[in-house]
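Letter by letter, the chains look like this.
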Amino acid sequence: MDYEIKRTELCNLYHQLNHCLFLTKHNTLIKDCYLSDNYCGNFHEIAKYIKEIPFLNGYTRPISYFKENGKIYGYEMDYLQDYITLGTMLKSYNMPRNKQYTLEIKKLLLFKLLKCLKKLNQYYIVGDINTQNIMINEQGDAKIIDWENGHPINATLQSQYLYLYSLSFVDNEIQEDSLKMFFCALSLLYETDIEQLVRKLPSYMVFTVLNDLILEPNIRQYLADYAYELNAGSGRVIYFGEYLKNIKDISLSTIEEMREKIEINYHNF
């Protein structure tokens, strides 16, 4: 359903949470994408395409769209009230250990995100996958949000967030989505925002960071296999879900050790 409402009237009709989000009386959120920090100039065209994508569990598909003079400028979505962004969770690791996510819940979250991304990439390039655009809760549910900076598969439109890491071995946009999700997964496992860290580093240092991360032989092999597939340029969609069986061997002490090492060696780069 579409609503023809002037953007200037949103603050009178709904409760404004921040500069671009509004809370409705029936507990949903409205996002004015023209006010978003990451506004994409192709939003109107992208929004029309998103309407045609089938419902995918784990992805916040818009409920309705808001128009002004016939042009879509925002959308309504579910309010994920008991969720927090992965980035927010990573900033809160000064809380007691018993309030943090267990390794089993982390694995469940990763599996759900991978499954969602794999299905989504049949239709769409997300582009802007990062720790602020992944929502998680304590029960082990995870969702990808903020679709408006991507574009349809094989479209001429391109996202400003594609190829953000400038890695020469990434030869297509699906691999880019997958790689960004990989860094988010490592961020969750090691309890520090590796995804944001990689954004700041020169491309030649990316694998230096990853080599420092992975100590146990089976995890090192997992990363090597993943990197090899990306370098091979086979065109096959690369996901690391098939390697999740190896993650069980990471101990909590290893995670804590690697988290400290990352913070000491790289966060002041």
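Counting starts from 1 at the beginning of each chain's written sequence and moves along it residue by residue. Residue-level local features of this predicted model are given only where pLDDT is at least 70; pairs of side-chain atoms are given and counted only at 80 or more, and the full residue set underlies all totals for whole chains, interfaces and linings. The basis for every side-chain value is the complete set of heavy atoms in the structure, and neither hydrogens nor water enter the calculation.

Another point: the overall build of the protein chain. Along its length, the protein chain carries 10 helices and 11 strands. Throughout, exposure labels follow a simple rule: accessible area from a 1.4 Å probe, protein chains only, divided by the maximum for the residue type, with under 20% read as buried, over 50% as exposed, and the rest as partly exposed. By residue count, 53% of the 269 residues in the protein chain fall in the buried class. For the protein chain, the exposed area adds up to about 12800 Å²; of that, 51% sits on carbon and sulfur atoms. Secondary structure elements follow DSSP: runs of H or I of four or more residues count as helices, runs of E of two or more count as strands, with numbering from the N terminus. Only the protein chains shown count as covering a residue, and every accessible area follows the Shrake-Rupley method with a 1.4 Å probe.

Where helix 5 (residues 173-190) meets helix 7 (residues 206-213), the axes come as close as 13 Å, and the angle between the chain directions of the two elements is 35°. Regarding helix 5 and helix 7, the two cross each other, and that crossing is left-handed. Where helix 5 approaches helix 7, its residues Phe 182, Phe 183, Leu 186 and Tyr 190 are matched on the opposing element by Val 206, Leu 210 and Leu 213. Residue polarity follows a fixed list, in which Ala, Val, Leu, Ile, Met, Phe, Trp, Tyr, Cys and Pro are nonpolar, Asp, Glu, Lys and Arg are charged, and the others, Gly among them, are polar. Residue composition of the contact of helix 5 with helix 7, by class: 7 nonpolar, no polar and no charged. Note on definitions: angles span 0 to 180 degrees between N-to-C directions of axes, and those axes are lines fitted to C-alpha atoms, for helices only across the stretch in contact. Definitions for this section: a left-handed crossing has its near helix turned counterclockwise from the far helix by less than a right angle. A right-handed crossing has that turn clockwise. Residue contacts are counted whenever heavy atoms from the two residues lie within 4.5 Å of one another.

Positive phi values are uncommon outside glycine, yet Asn 27 reaches one of about 65°. Within the secondary structure, Asn 27 sits in the loop between strand 3 (21-23) and strand 4 (28-32). When its relative accessible area of 37% is taken as the criterion, Asn 27 is described as partly exposed. Positive phi values are uncommon outside glycine, yet Asp 146 reaches one of about 60°.

What follows deals with the confidence of the model for the protein chain. pLDDT is a residue-level measure of predictor confidence that goes from 0 to 100. For the protein chain, per-residue confidence averages 80 on the pLDDT scale, and residues scoring 70 or more make up 83% of the total. Within the protein chain, the element-level pLDDT minimum falls on helix 8 (residues 217-232), averaging 71, and the maximum on strand 2 (residues 15-16), averaging 94.

Turning to its location among the elements, Asp 32 is positioned in strand 4. C-alpha separation for the pair Asp 32 and Cys 20, spaced 12 residues apart in sequence, amounts to 5.1 Å. In contact with Asp 32, other than residues within four places in its own chain, are Arg 7, Leu 10, Cys 20, Phe 22, Tyr 73 and Gly 74. By the criterion applied in these results, polar contacts are pairs of N or O atoms within 3.5 Å in which, for protein atoms, one can donate a hydrogen and the other can accept it, and in which residues neighboring in sequence qualify only through two side-chain atoms. A polar contact of 3.0 Å, which involves the side chain of Asp 32, links it to the side chain of Arg 7.

So, about helix 10 (residues 252-266). Expected span, for any helix, means 1.5 Å times one less than how many residues it has. Under the 1.5 Å per step criterion, the end-to-end length of helix 10 is 21 Å for 15 residues, consistent within 8% with the ideal 21 Å. Residues of helix 10 that are buried: Thr 254, Ile 255, Met 258, Arg 259, Ile 262 and Tyr 266. Here the buried residues of helix 10 occupy an arc of 135° about the axis, which is enough to place them on one side. Opposite the packed face of helix 10, turned more than 90 degrees from it, sit the exposed residues Ser 253 and Ile 264. Close packing links the buried residues of helix 10 with helix 4 (103-120), helix 5, helix 6 (194-200) and helix 7. As used here, the arc belongs to the directions running from the helix axis to the C-beta atoms.

Here a pair means two rings of Phe, Tyr or Trp (six-membered ring of Trp) with centres within 6.5 Å. Their orientation is stacked below 30 degrees between planes, edge-to-face above 60, and tilted elsewhere. Taken as a whole and judged by the stated rule, the model has 5 aromatic pairs. Measuring from centroid to centroid gives 6.1 Å for Tyr 49 and Tyr 124, while their planes differ by 15°, and the two rings are stacked. With a gap of 75 residues between them, Tyr 49 in helix 2 (residues 43-50) and Tyr 124 in strand 8 (residues 124-125) connect regions that are remote in the sequence. The class of Tyr 124 is buried, set by a relative accessible area of 0%.

For strand 6 (residues 71-78), a buried count of 6 out of 8 residues is recorded, marking the element as mostly surrounded by other parts of the structure. Strand pairing is defined by DSSP finding a minimum of two bridges between the two strands. In terms of strand pairing, strand 4 meets strand 6 through 5 bridges, oriented antiparallel. Opposite Thr 28, over in strand 6, you have Asp 78 as the bridge partner. One ladder, built from 5 bridges, connects strand 5 (residues 64-68) with strand 6; its direction is antiparallel. By the bridge assignment, Tyr 65 is partnered in strand 6 with Tyr 75.

Read from one edge to the other, the open sheet built from 6 strands follows the order 1-5-6-4-3-2, with strand pairing classed as mixed. Strands with a single pairing partner mark the edges of an open sheet, and in this sheet they are strand 1 (2-4) and strand 2. Sheet topology note: the strand 2/strand 3 ladder contains 2 bridges and is antiparallel. Looking at the pairing, His 15 lines up with Leu 23 of strand 3. Helix 2 contacts strand 5 and strand 6 of the sheet and is inclined by roughly 50° relative to strand 6.

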